[in-house]
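Remarks on the overall topology
One letter stands for each residue in the lines below.
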Amino acid sequence: MNILKLRLFTIMFFILSLSNLVNAQCAGNDITIEVCNKDADVANRDYDLFSQLGGSPTVGGTWSTTNPENFYALNQNTGVVDLWRINNFGTHSFVYTNTSCNQTATVTINLGGYPGEDNVDGSANACGDDNSVNLHGFLGSNVDGKVQDFNGLWEEDPSTFTGFLEDNIFNAQAAGTGIYIFTYTVPDVNSCTGRTATVVLEVHPPPNAGFATSVNFCANDDFSPFTNFDLNGQLTGEDPNGTWSESGTNQLSDLNDSIINIQELYDNFGYNSFSFTYTVFPTHPVCEKREVSVVIDILPVLVGDIIADNICFGQDYVVDLEYDANLLHNGSFLIGYTIDGSPGVAAASLSGGIGDFIVDPDLVPLNQTVTLEITGITSVTPIRDVCPRVFVPPTTFLVASSIADVADICVQTDATVTINNILDTSGNFANGTFTTEYVLTRPDASTETSETFELAFTNGNATFSIAGSNFSDGGEYEVSPTILNTFPTNCNLADIFIVTPLPDAIQLDLIVDNNCDATQIDVLVDAPILPNGTYTITYDVTELGSNTVLTTNTINFTGGTAAYQIDVDALPLGNYTASVRSIQNDTTPCRLDFEFEENENFSRGGVPEAPQAAINQTFCLSDFPGGPTLMDIEVTAAADILFYDTLTDTTILPISTALVDGEDYFITNSDPLTNCEGTERIQVTVSFSNPNAPTSTNVNPLFCAEDNPTLADITIDVIPGSSVTWFNTDNTELAASTVLVDGQSYFAATNSGGCNSSERLEVTPTVITVVPTSLLADNLAVCGLDNPTVLALRSLESETENEVLWYSTETGGIALTDDVPLVVDTIYYAENYNTLTGCSTNTRLPVTIDFSDCDPENYDFFIPDGFSPNADGRNDTFFIPNIEVIFPNYTLEILNRYGTTLFSGDKTNPAWDGRNGSSTAPNGVYFYIINYNKGNSEPIQGRLYLNR
């Protein structure tokens, strides 16, 4: 137990000890009083309990009651009770507590009942549709401030008994109209005689507007039979004393009028919805009026015609719709239709009397006339009712599948044109002879129209030929026949076909690796790809002079390009001939030649192997300050390399010869021992590369240091497909991720295909560094009760050159405006921002907020001296307003008079609900100890009063 609690306990112990010594009469003696007719005396509104105490009570104490029903009737300081506000007969106790002697005395009142005033003069009324009539409202409640007791007994008089009374609630709806008598009785209380009040309740019949039936018309209906339309005919079960009303149509002349003119409604307002209301007023104001509405809907209707053209299969089956726009609104609709009785639905957008929709092609058979009929319409947008009947005559149309077909052919070959599904003028498959012509379109887009000729059709089908002399060139042709006196189908009667030229013949070639000393012979084959079949390729090597065949072989080849080798390295020195032959057995379209042969002579000797080099070599001029020469060509050879200007030139070029852009050079080699030059020269084509220098619209770009800019951030323009290579002043290549240095020059070259431009672009960036801001302090003391905002943080700023931005995050986020409220337990960060350059500092300075800088005297800070935990929603807990803001680390302790702790609280548990663990603390005086735990604020103690 801390010193403060020990001190408090000592005080309480002293008080308890002293209470045994003081005069036992300081609170007076208990007394029981009987008050029977409390309502008969207005003085009972200020009934003085203190004057009723026995003994010699002394003033200064307080009064309490354990009955929450009496709490507001009692003045706890004066002991004056308003008996008229105690609305329950029976026993009521009031306790007087005098803390100066720690004594109590109880005044017990046996209170007689008050049943309220009789209500028998006809002022108690209820409506026959009310199933919960509260009878308490008829007892003359609050007459001169008097209210009947609530714990009496309601009963039905036997003469009007219904059985529909439950407590104080009467079901007038079940009982029906009539007059009913009820008694309300408060019983005897000790010597106080019970009393009874009588209520005569009249239940009045509720009005009945009946049931209304609405009517639908279509906008094109004949309204002449409805010029005297009686709205009463649309009601059933209604009271006859009702009146009719409407809004805006002027059809009703007065409240007695029920006749309207449907023809006038349509003439004046067109298709629309019209509402007429029948109102029945009650016979007594306790009931409410009743209304029903008859709705006359004149619905928009589809009246029009449809047009469906004869079309060709594969096209959209579009149906055009023309309709009367005066009878149907614009919008999106679903159109129901049938094709020869098969149903379908299509979406349609209708506006201004026209529209269209697309028929489902799966419902339409080909090459026959079908009947299309619209069967219904539904409005989609705007959503509204539409007349279910449509007035659109059916139409007919035909979908044809007429087609022309031509097979691919070879040049100079007749083309056969097949025409199918042609219809005669009656829509039946054509039979007989029809006048025909055609247009032939060649690959060069030129056209030729044939002379007319008679073509015989059987069941819609026919064929004719076009002479092969029209197809001297290969390519894509088109034939467009025209047949006169047939059904108009809109079909594109045409076909595209391919005329294939004669295929390239097989190409055979023999290449001896070195005529001086051959070791290998390459057999090269270039043959068209075969759709089927194979090539039979035979090769052999024959010794010249003796004609002896030394090597032979056969290869099966399936087409394309290939190379095979004949190994002659083992042959003895001498002269030879190599032969290769091909016999084709394929069925390639349009092929004419099938047998080929190629021969090549060679010798066996000391010829060096041919050099090896890439046939196309590119030289980047930036790598050769003086320009490239022959010695810069990359060649691999086992002997001396020789350069020639042409394939057959005999003049050897000097090795220092400067290369020429786009020039071809021919290379061979020579064996220095045998002086035998290779028989094969390889060709190398050289090309120079020097991309254009890069450009930029800003060679002095500006960057912010906080963005860590790199070379990749500099905008450089290069030719499409190229990139940028960066160098420093020492010509050292730099990576694009190199971080920029303020004021340092960098040099950009265009890199195209790995070659850098010889010219470079100098770029000198400016990198602006903003230093972190300085603050007067790293914390800010404010009072949270003032609802401080970011504006309060401005008091910490000492920056003179830059703008300070405030954030609630250490990185990222959005700068806070001055009106943003500060949030508890949030760290705020200050960042320097240069408004001229848009650059900010890399780091933000943190600031913590202390929300407890509050002077208690300036705010709503007080310690209550009592509370009433009776669950009435007012003053149900003991708590100290604003203490958690002013003293965030405070602790609260509640003790009883014996020093036992009943409650420990802080800002997470600030309110005592009057409980001692799982039990309820009794009424009385309790003590509190508050440790503020802030600065030099001393703990305080005090007492409070718990009164339920």
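Just so it is clear, the structure is predicted and the values come from calculations on it, not from any experiment. (Residues numbered from 1 in each chain as written. Predicted model: local features only at pLDDT ≥ 70, side-chain atom pairs only at ≥ 80, totals over all residues. Heavy atoms only, no water.)

Re the overall build of the protein chain
Stated formally: Put simply, DSSP H or I for four residues or longer makes a helix, DSSP E for two residues or longer makes a strand, and each gets a number counted from the N terminus. Throughout, exposure labels follow a simple rule: accessible area from a 1.4 Å probe, protein chains only, divided by the maximum for the residue type, with under 20% read as buried, over 50% as exposed, and the rest as partly exposed. When checking whether two residues touch, look at their non-hydrogen atoms; a contact exists if any pair is within 4.5 Å. Each accessible area is a Shrake-Rupley result for a 1.4 Å probe, and residues are judged covered by the shown protein chains and nothing else. None of His or the chain ends enter the tally, which takes Lys and Arg as positive and Asp and Glu as negative. The atoms used to mark charge sites are NZ of Lys, CZ of Arg, CG of Asp and CD of Glu.
When you go through the protein chain residue by residue, the secondary structure sums to four helices and 69 strands. Summarising its shape, the C-alpha atoms of the protein chain cover approximately 165 × 95 × 55 Å along the three principal directions. For the protein chain, the proportion of its 948 residues judged to be buried stands at 42%. Taking the intrachain contacts of the protein chain between residues at least 6 apart in sequence as the baseline, contacts between residues at least 24 apart amount to 65%. Accessible surface computed for the protein chain: about 48100 Å², of which carbon and sulfur atoms make up 49%. Computed over 26 positive and 122 negative side-chain charges, the separation of the two mean positions in the protein chain equals 24 Å.

What to know about helix 3 (residues 262-269)
Residues that lie three or four places apart on an α-helix share one face, since the helix turns once every 3.6 residues. The condition that has to hold: Relevant arc is that of directions from the helix axis to the C-beta atoms, nothing else.
Inspection of helix 3 places Ile262, Leu265 and Tyr266 among the buried residues, and these make up the whole buried set. Take helix 3 and look down its axis: the buried residues cluster within an arc of 90°, on one side only. Along helix 3, exposed side chains directed more than 90 degrees from the buried face belong to Asp267 and Asn268. Where helix 3 is buried, its residues meet strand 15 (215-218), strand 16 (229-230), strand 19 (259-260), strand 20 (272-280) and strand 21 (290-299). Of the residues trailing helix 3, glycine 270 is marked for its positive phi of about 70°.

A closer look at the packing of aromatic side chains
What characterises a pair of aromatic rings is the spacing of the ring centres plus the angle enclosed by the ring planes. Note the threshold: Ring pairs are drawn from Phe, Tyr and Trp, using the six-membered ring of Trp, whenever the two centres fall within 6.5 Å, and their geometry is named by plane angle: stacked under 30 degrees, edge-to-face over 60, tilted for the rest.
In this structure the tally under the stated criterion is 26 aromatic pairs. Plain terms: the ring middles of phenylalanine 217 and phenylalanine 226 are 4.9 Å apart, the flat faces sit at 65° to each other, and that makes the pair edge-to-face. Exposure remark for phenylalanine 217: the relative accessible area of 5% places this residue in the buried category. An angle of 85° between the planes, with centres 5.2 Å apart, marks the rings of phenylalanine 471 and tyrosine 477 as edge-to-face. Tyrosine 477 sits in the buried class, given a relative accessible area of 2%.

With respect to the environment of glycine 721
Within the secondary structure, glycine 721 is located in the loop between strand 51 (702-704) and strand 52 (723-727). Taking the C-alpha atoms as reference, glycine 721 lies 7.2 Å from serine 752; in sequence the two are 31 residues apart.

Description of the nonpolar core
What counts is decided by this rule: The nonpolar core is taken to be a set of buried Ala, Val, Leu, Ile, Met, Phe, Trp, Tyr and Cys residues, with the residues joined through side-chain atoms within 4.5 Å.
With 29 residues, the main nonpolar core has Leu231, Trp244, Ile260, Ile262, Phe276, Ile296 and Ile298 as its most contacted residues. Secondary-structure elements contributing two or more residues to this core are strand 15, helix 3, strand 20 and strand 21. In terms of residue count, strand 21 provides more of this core than any other element does, five residues in total. In this structure, isoleucine 296 is in contact with Val215, Phe217, Phe229, Ile260, Ile262, Asn272, Ser273, Phe274 and Phe276, ignoring residues within four places of it in sequence. In this structure, Leu302, Leu321, Tyr323 and Ile377 belong to the second largest nonpolar core, which totals 28 residues.

Concerning the sheet that holds strand 26 (residues 342-350)
Using the following cut-off: Paired strands are those between which DSSP finds at least two bridges.
Strands sit in the order 23-30-28-25-26 across an open sheet of five strands; the sheet is mixed. Of all strands in the sheet, those with a lone pairing partner are strand 23 (311-312) and strand 26, marking the two edges. Note that strand 23 and strand 30 (residues 395-400) share two bridges and pair parallel. Bridge pairing links isoleucine 311 to valine 399 in strand 30.

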